[in-house]
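Chain by chain, the residues:
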Amino acid sequence: MYTIEQNKSLKPYNTFGIDAAAKYYSEIRAVEDFRELIAEKKLSGEKKLILGGGSNILFTKNYDGLVIRNCIPGIEVVSEAEHAVIVKANAGVVWHQLVLWAIERNYGGIENLSLIPGYCGAAPLQNIGAYGVEIKDVFYELEAVNMHTGELEKFSLADCQFGYRESVFKGKLKGQFLITSLSLRFIKLNSPHAFSQYRFRTEYGDIKETLGQMQAYDLSIKAVSDAVIKIRSSKLPDPQKIGNAGSFFKNPVISKAQFDALVAQYPVMPSYLQKDGSVKVPAGWLIEQCGWKGKVVGNTGSHATQALVLVNYGKATGNEVWQLALDIQQSVKEKFGIEISAEVNVI
Ligand SMILES: Cc1cc2nc3c(=O)[nH]c(=O)nc-3n(C[C@H](O)[C@H](O)[C@H](O)COP(=O)(O)OP(=O)(O)OC[C@H]3O[C@@H](n4cnc5c(N)ncnc54)[C@H](O)[C@@H]3O)c2cc1C
């Protein structure tokens, strides 16, 4: 069952803590709820927005339509082989709860993605990633309801067209599907054979160093997860204390020729060579070079330790944050000739 509320403040439902209102607001706990909701006569002409944990969204104005918060609960094992298991998490499961659930059972695959905020339903939308792992690496399939027909459809890895912080649901199929469940393939590390073959991803960020500090000499997914949690908690501002949506911009990917020209001018410019020969440049570094790191602009600003994270110091409107983002974008363009684009979904 669901209820429909009117003129509902979305402040508790977005990690930026922006006080925008939804004309209509409803929470669903089953696929059937969604079908009944979209069949409601009074809502038929309304535009619709799906919300999960609200950790990757910026409301620049009130939402003149129906906001549907996807709270469908439940995690289940759908099939099991000797060394692997397919696990289905419904869209309303908090992502980190799924990580903890997997670690408890010694199922390897998503420990590097510990502590990423948000719900499982939104995780494939931008192919969440951290510390060398992306959701596409463990993806099996997902189910989504077509917003127009109400039909449940399955999407394979190829169908999702995952890229760096991208998927078909952020591109061509934007706003057309409600993701209802996500199935992932984990490795059963209780099996000695699987454990010996398993590739722990510790070469990214400070994971190795942190494991050393923690004196975690026996490698396990729990140890890797604890290290990731420790690093993230020390580096990223906690949205409970200071409103933010994590990295506001994506890291731009530029051509080798453009990179070579820039590095001649800025020899310390960090970079990551991509398989296709292009070069990824950390947006945080570009923003910092433009003087934005730690800068406070009214009620908003770029965070003091993470230039890429834009924050709400308490009373910011979505428009203030967006204006800051546009100003940062423009100065990076002027200084480096590079376009940085928003990772956050701006509404
Ligand atoms: C402190 C912090 C750190 C972060 N670190 C990372 C990180 O390391 N890596 C990373 O990749 N991201 C990171 N993020 C971003 C964010 O956590 C992820 O993008 C997350 O998957 C968003 O989930 P959500 O449920 O909060 O999505 P929401 O913000 O609720 O929604 C995001 C988008 O998905 C759509 N959507 C939501 N649910 C559904 C659904 N069921 N079906 C269809 N569309 C849907 C929404 O309409 C919206 O466009 C971070 C955010 C914060 C605040």
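Coordinates for the structure precede this section.
Helices and strands together make up the secondary structure of the protein, namely nine helices and 21 strands. Principal-axis analysis of the C-alpha atoms places the extent of the protein at approximately 60 × 55 × 35 Å. For the protein, the proportion of its 347 residues judged to be buried stands at 52%. Here the contacts in the protein between residues at least 6 apart in sequence split such that 60% fall between residues at least 24 apart. Total accessible area on the protein stands at roughly 16,200 Å², and carbon and sulfur atoms take up 50% of it. The distance from the centre of the 38 positive side-chain charges to the centre of the 36 negative ones in the protein is 3 Å.

Neighbouring the ligand are 34 residues; Ile50, Gly52, Gly53, Ser55 and Arg232 lie closest to it. Take glycine 54: an N or O atom from its main chain is 2.8 Å from an oxygen atom of the ligand. At 2.6 Å from an oxygen atom of the ligand is found a side-chain nitrogen or oxygen belonging to serine 55. Where the shell around the ligand is concerned, the elements lending two or more residues are β3 (47-51), β9 (129-130), β13 (177-188) and β14 (243-247).

Looking now at the environment of leucine 37. With respect to the secondary-structure elements, leucine 37 resides in helix α1 (residues 31-39). It is 44 Å that separates the C-alpha atoms of leucine 37 and lysine 293, two residues lying 256 residues apart in sequence.

A word on helix α9 (residues 318-336). Residues lying three or four places apart along an α-helix face the same way, a consequence of the helix completing one turn every 3.6 residues. With 19 residues, α9 should reach 27 Å at 1.5 Å per residue; the first-to-last C-alpha distance of 27 Å fits that figure. The set of residues buried in α9 consists of Gly318, Val321, Leu324, Ala325, Ile328, Gln329, Ser331, Val332 and Phe336. Against the buried residues of α9 lie β4 (57-58), α7 (256-265), α8 (283-289), β18 (296-297), β19 (300-302) and β20 (309-312). Phi turns positive one or two residues past the end of α9, at glycine 337, with a value near 70 degrees.

Over the atoms, a rolled probe matching the size of one water molecule traces out where space is still vacant. Reported here for the second largest pocket is a volume of approximately 280 Å³. What lines the second largest pocket is a set of 15 residues, and nearest its centre among them are Gly109, Asp137, Val138, Ile187 and Tyr198. For the lining of the second largest pocket, a count of residues per class yields six nonpolar, four polar and five charged.

Let us now look at the pairing of strand β2 (residues 21-28). The buried fraction of β2 is high, at seven of eight residues. The sheet contact formed by strand β1 (residues 5-9) and β2 spans four bridges and is antiparallel. Looking at the pairing, serine 9 lines up with alanine 21 of β2. Inspection of the sheet shows β2 paired to strand β5 (residues 63-70) by six bridges, in the parallel sense. Directly across from glutamate 27, in β5, lies its bridge partner arginine 69.

This part is about the sheet that holds β1. Overall, mixed pairing links the four strands, which are arranged β1-β2-β5-β3 in an open sheet. The open sheet has two edge strands with one neighbour each: β1 and β3. Here the strands of the sheet are splayed against their neighbours by 45 degrees on average, with no regard to which way each runs.

Turning our eyes to something else, we now look at the nonpolar core. Among the nonpolar cores identified, the biggest contains 48 residues, and Trp95, Leu98, Ile110, Phe169 and Leu184 are the most heavily contacted of them. At the level of secondary structure, the elements contributing two or more residues to this core comprise β7 (84-90), α2 (95-104), β11 (139-146), β13, α5 (207-213) and α6 (221-235). When residues no more than four places from it in sequence are discounted, the contact partners of tryptophan 95 are Ile110, Leu113, Ile116, Gly118, Tyr119, Cys120, Ala123, Ile128, Ile135, Leu182 and Leu184. By size, the runner-up hydrophobic cluster in this structure holds 42 residues, among which are Ala22, Phe249, Val281 and Val332.

Turning our eyes to something else, we now look at the side chain of threonine 15. On the secondary structure map, threonine 15 appears in the loop between β1 and β2. Engagement of the side chain of threonine 15 in a polar contact is seen with the backbone oxygen of asparagine 244, the distance being 2.6 Å. Ignoring anything within four residues of it in the chain, the contact list for threonine 15 reads Gly53, Gly54, Ser55, Pro239, Gly243, Asn244 and Ala245.

So, about unusual backbone geometry. A positive phi is found at asparagine 106, a non-glycine position, where the angle reads about 65 degrees. You can see asparagine 106 is positioned in the loop between α2 and β8 (107-108). A positive phi angle, close to 45 degrees, is found at asparagine 127, a residue other than glycine. Within the fold, asparagine 127 resides in the loop between β8 and β9. According to the relative accessible area criterion, asparagine 127 is buried, its value standing at 0%.

The subject of this paragraph is the packing of aromatic side chains. Under the counting rule described, the total for this entry stands at 14 aromatic pairs. Judged by centre distance (4.9 Å) and plane angle (70 degrees), the rings of phenylalanine 155 and phenylalanine 169 are edge-to-face. With phenylalanine 155 in strand β12 (residues 152-155) and phenylalanine 169 in the loop between α3 (157-160) and β13, the pair connects residues that are 14 residues apart, well separated along the chain. Each member of the pair, phenylalanine 155 together with phenylalanine 169, is buried. Each ring, one from tryptophan 285 and one from phenylalanine 336, has its centre 5.9 Å from the other, and the planes form 45 degrees; the classification is tilted. Taken as a pair, tryptophan 285 in helix α8 and phenylalanine 336 in helix α9 lie far apart in primary sequence, 51 residues in all. Residue classification places tryptophan 285 among the buried positions, given a relative accessible area of 14%. Owing to a relative accessible area of 4%, phenylalanine 336 belongs among the buried residues under this scheme. Cluster of aromatic residues (ring-pair linked, three or more members): Phe16, Phe248, Phe249 and Trp322.

What counts, and at which threshold
Residues numbered from 1 in each chain as written. Predicted model: local features only at pLDDT ≥ 70, side-chain atom pairs only at ≥ 80, totals over all residues. Heavy atoms only, no water. Helix = DSSP H or I, 4+ residues; strand = E, 2+ residues; numbered from the N terminus. Buried < 20%, exposed > 50% of the residue type's maximum accessible area, 1.4 Å probe, protein only. Contact = heavy atoms within 4.5 Å. Areas by Shrake-Rupley, 256 points an atom, 1.4 Å probe, with all protein chains shown as cover. Lys, Arg positive; Asp, Glu negative; His and termini not counted. Charge placed at Lys NZ, Arg CZ, Asp CG, Glu CD. Near = heavy atom within 4 Å. Polar contact = N/O pair within 3.5 Å; in protein donor to acceptor, adjacent residues only side chain to side chain. Expected span 1.5 Å × (residues − 1). 1 Å grid on protein atoms, 1.4 Å probe; cavity = no way out; pocket = protein on both sides within 12 Å on 5 of 7 lines; lining within 4 Å. Points joined across faces, edges and corners; volume = space filled by probe spheres on them. Nonpolar A, V, L, I, M, F, W, Y, C, P; charged D, E, K, R; others polar. Pairing = 2+ DSSP bridges. Axes fitted to C-alpha atoms, helices over the stretch in contact; angles between N-to-C directions. Core = buried A, V, L, I, M, F, W, Y, C linked by side-chain atoms within 4.5 Å. Phe/Tyr/Trp six-rings, centres within 6.5 Å; stacked < 30°, edge-to-face > 60°.

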